[in-house]
Amino acid sequence: MSEKIKVTVWNEGRHEKSNKAAQEMYPNGIHGTVKAFLEKNPDLEVRAVTLDDPDQGLPDSLLYDTDVLMWWGHMAHHEVNDALVEKIKNRVYNEGMGFIGMHSAHMSKPFRAIVGTSGQLSWGDDQQEIVWNLLPQHPIAAGIPEYFELEVEEMYGEPFRIPQPDELIFTSWYKGGNIFRSGLTYYRGIGKVFYFQPGHETCGSFHNPYVQRILTNAVYWAKPNDFVINRPTDCPHRKNPVVELEEAKKANA
């Protein structure tokens, strides 16, 4: 992996073109807002793309040069190419690319394919949300208080039809009484996945400093480890690992 962590922020980018409230909330697009706060970190190299860019924003030259892929989609999940989804899944499972699903990405093709879920949940109107920090010792929760308030956010509620998370970091309570598992992780293959609920297109959650801190933490957590994969083609006649270790000990004796 390069010295800088290469982050690609993928945004559908449709609401900002058609919804005046979304345009006013995120004049540079959700992807532009996320890119702006991430690139304050000098060790992150951040690129922002949208569905309407060539190759749906992710040509091979970019996808295979991405350490962490962040995804926001909503009204055009069905337009994402299935072949691209398989490439993204392969990058996570077999090559260790991190994947961060934001808000309505719970129904995106990549999130559903990687995690193995329908992505369905209950949802409702915009209301006050309190995000509770359940796992303060987790790297993604670093610098986050016991709880914080989002004055207005779209309500997502249980049941959230997902597999049991590997780690449940945040849960949310809404003024209407609903609760939701709002920040959770999965380990898939050799890759890591984080899903985080806040981020409706007409709400200001991506401007919230705690939301920004959580997503920034998640990038560092989700980045690939510095490991080497011994593929069968690299070592077709590999010996038994126990034999290799014993031979190495003798050679170094």
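Above this text sits the structure in question.
The rules behind the values
- Along each chain, the written sequence defines residue order, and numbers are assigned to residues from 1.
- Thresholds applied to this predicted model are a pLDDT of at least 70 for local features of residues and 80 or more for the giving and counting of side-chain atom pairs; totals over whole chains, interfaces and linings are not thresholded and use all residues.
- Only hydrogens and water are set aside; all other atoms, that is, all heavy atoms of the structure, feed into the side-chain values.
- A carboxyl oxygen of Asp or Glu within 4 Å of a side-chain nitrogen of Lys or Arg is what we treat as a salt bridge.
- We count a stretch as a helix when DSSP gives it H or I for four or more residues in a row; a strand needs E for two or more, and each element gets its number in order from the N terminus.
- Each residue is placed in one exposure class: buried if its accessible area under a 1.4 Å probe, protein chains only, is under 20% of its type's maximum, exposed if it is over 50%, and partly exposed if it falls in between.
- Whether two strands pair comes down to DSSP finding at least two bridges between them.

(A) Representation of the pattern of salt bridges in the model. Going through the model one piece at a time under the given rule, you end up with 11 salt bridges. As a salt-bridge pair, D52 and K17 come within 2.9 Å of each other at their nearest N and O atoms. Here K17 lies in helix α1 (residues 15-18) and D52 lies in the loop between β2 (44-50) and α4 (60-63), a separation of 35 residues in the sequence. Note on K17: relative accessible area 57%, which makes it exposed. Beyond isolated ion pairs, a larger network of salt bridges with shared partners links K6, E45, R47 and D65.

(B) Representation of the pairing of strand β1 (residues 5-11) in the model. Within β1, seven of the seven residues are buried, which leaves the element mostly enclosed by the surrounding structure. Side chains of β1 alternate between two faces, with I5, V7, V9 and N11 and K6, T8 and W10 buried alike. In this sheet, β2 lies alongside β1 in parallel orientation, the contact comprising seven bridges. Within β2, the residue paired with I5 across the bridge is L44. Note that β1 and strand β3 (residues 68-72) share five bridges and pair parallel. Bridge pairing in β3 links N11 to W72.

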